[in-house]
Amino acid sequence: MPDALELLKTRRSIKPMELAGPGPTSTELDALLTVASRVPDHGKLVPWRFIVFEGDARLRAGEAIADAYRQDHPDAKPDLVEFEMKRLARAPMVVAVVSRAAPHVKIPEWEQVLSAGAAAMNLVLAAHALGFAATWITEWYAYDQRVCSVLGLAAHERIAGFVHIGRPARPPEDRPRPPLADIVTRYGGW
C-alpha cells in the first residue's frame, strides 16, 4: 500500500459511467464504511448514516428517480427517462451519505454537516486505498424530496452525496489543481 501522503496525492474522481465491476465485496464494504465512520464528530452525535445501493436495488431506487423526473418532465423522451432510471446503476455500487444534522444545545448544525462531508471523503479515500475508484456527487435527485422520501430519508435528513464505487475502466487523468499561492494566506496579526 502506498504511504498515506502518496495515497492522498493520487486520489482522483472517476466519472460514474467509467467505473466497472466488480464492486466491493461484503467484507470490503464493511471496511470502507468503518473507515468512513471514523471522522471528527463533536459530541459523538453520529450526524450521518449510509444507504448502500448494489445489484438490482440500484435500478429499484432508479425507478423513484425516473418517476420524479417524469412528473417534472411529462413530455420527456423514453431515452431520457431511462437515463434517469439508471443514475445509480452506472457504477457497481453506490453509497449515499446521509446528513442527519439537527439542532443541538451545544453542537452547531454546521459542524454536523461538515462531519457528514468528512464521512463521504473518508469513504472516497478508503475506496482508493483498497484499489477502487470512486466519485462523490450530488445531482438533482439528491435534493428532490419525493426521491429522498422513497429512499427512506426522514424530513430533517439530507443527502450529503452519492459515492459511486467501482474499478476504473482506464487510468484516471489528473486535472489542474490551484496553485497554493492562489489559495493560501498567512495571517500576520494586527
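The present account deals with the structure reproduced in this document. Keep in mind that what you see is a predicted model, and the values were worked out from it rather than measured. Chains are numbered independently. Their residues run from 1 in the order of the written sequence. With pLDDT at 70 or above as the cut-off, local features in this predicted model cover only qualifying residues; side-chain atom pairs require 80 or more to be listed or tallied, and sums for whole chains, interfaces and linings still use all residues. With hydrogens and water stripped out, all remaining heavy atoms of the structure feed into the side-chain values.

On the surface, W110, V113 and L114 cluster together into a nonpolar patch covering about 330 Å² of accessible area. Mapped onto the elements, V113 comes out in helix α5 (residues 109-129). The partly exposed category is assigned to V113, whose relative accessible area is 37%. Two joining distances apply to patches: 9 Å for like charges and 5 Å for nonpolar side chains (Val, Leu, Ile, Met, Phe, Trp, Tyr), and every residue must have over 30% relative accessible area and no salt bridge. Method for areas: the Shrake-Rupley scheme with a 1.4 Å probe, in which residue coverage is limited to the protein chains shown. In what follows, salt bridge is the name for a side-chain nitrogen of Lys or Arg lying within 4 Å of a carboxyl oxygen of Asp or Glu. Helical segments are the DSSP runs of H or I of at least four residues, strand segments are the runs of E of at least two, and each set is numbered from the N terminus. When a residue's accessible area, from a 1.4 Å probe over protein chains only, is under 20% of the maximum for its type it is buried; when over 50% it is exposed; and in between it is partly exposed.

This paragraph deals with the packing of aromatic side chains. Note on ring pairs: Phe, Tyr and Trp rings are taken, using the six-membered ring of Trp, and paired if centres are within 6.5 Å. Classes follow the plane angle, with under 30 degrees stacked, over 60 edge-to-face and the rest tilted. Evaluation of the coordinates by the stated rule reveals five aromatic pairs. Ring centres of F53 and F162 lie 6.4 Å apart, and the angle between their planes is 50°; on these two criteria the pair is classed as tilted. Separated by 109 residues along the polypeptide, F53 in strand β2 (residues 48-54) and F162 in strand β5 (residues 158-168) bring together distant segments of the chain. We classify F53 as buried; its relative accessible area is 5%. By the ring-pair criterion, three or more aromatic residues cluster together here, those being F53, Y69, W140, Y141 and F162.

By size, the foremost hydrophobic cluster in this structure holds 20 residues, and its most contacted members are V95, L123, V163 and I165. Counting only elements with at least two residues in this core, the list comes to α2 (26-36), β3 (93-99), α5 and β5. Per element, the largest residue contribution to this core is seven residues, and it comes from α5. Contacts are residue-level and defined by heavy atoms, with any inter-residue pair within 4.5 Å sufficient. Every residue in contact with L123, bar those within four places of it in the chain, is listed here: L32, L33, A36, V95, V97, V163 and I165. Think of a nonpolar core as a cluster: buried Ala, Val, Leu, Ile, Met, Phe, Trp, Tyr and Cys residues, connected wherever their side-chain atoms sit within 4.5 Å.

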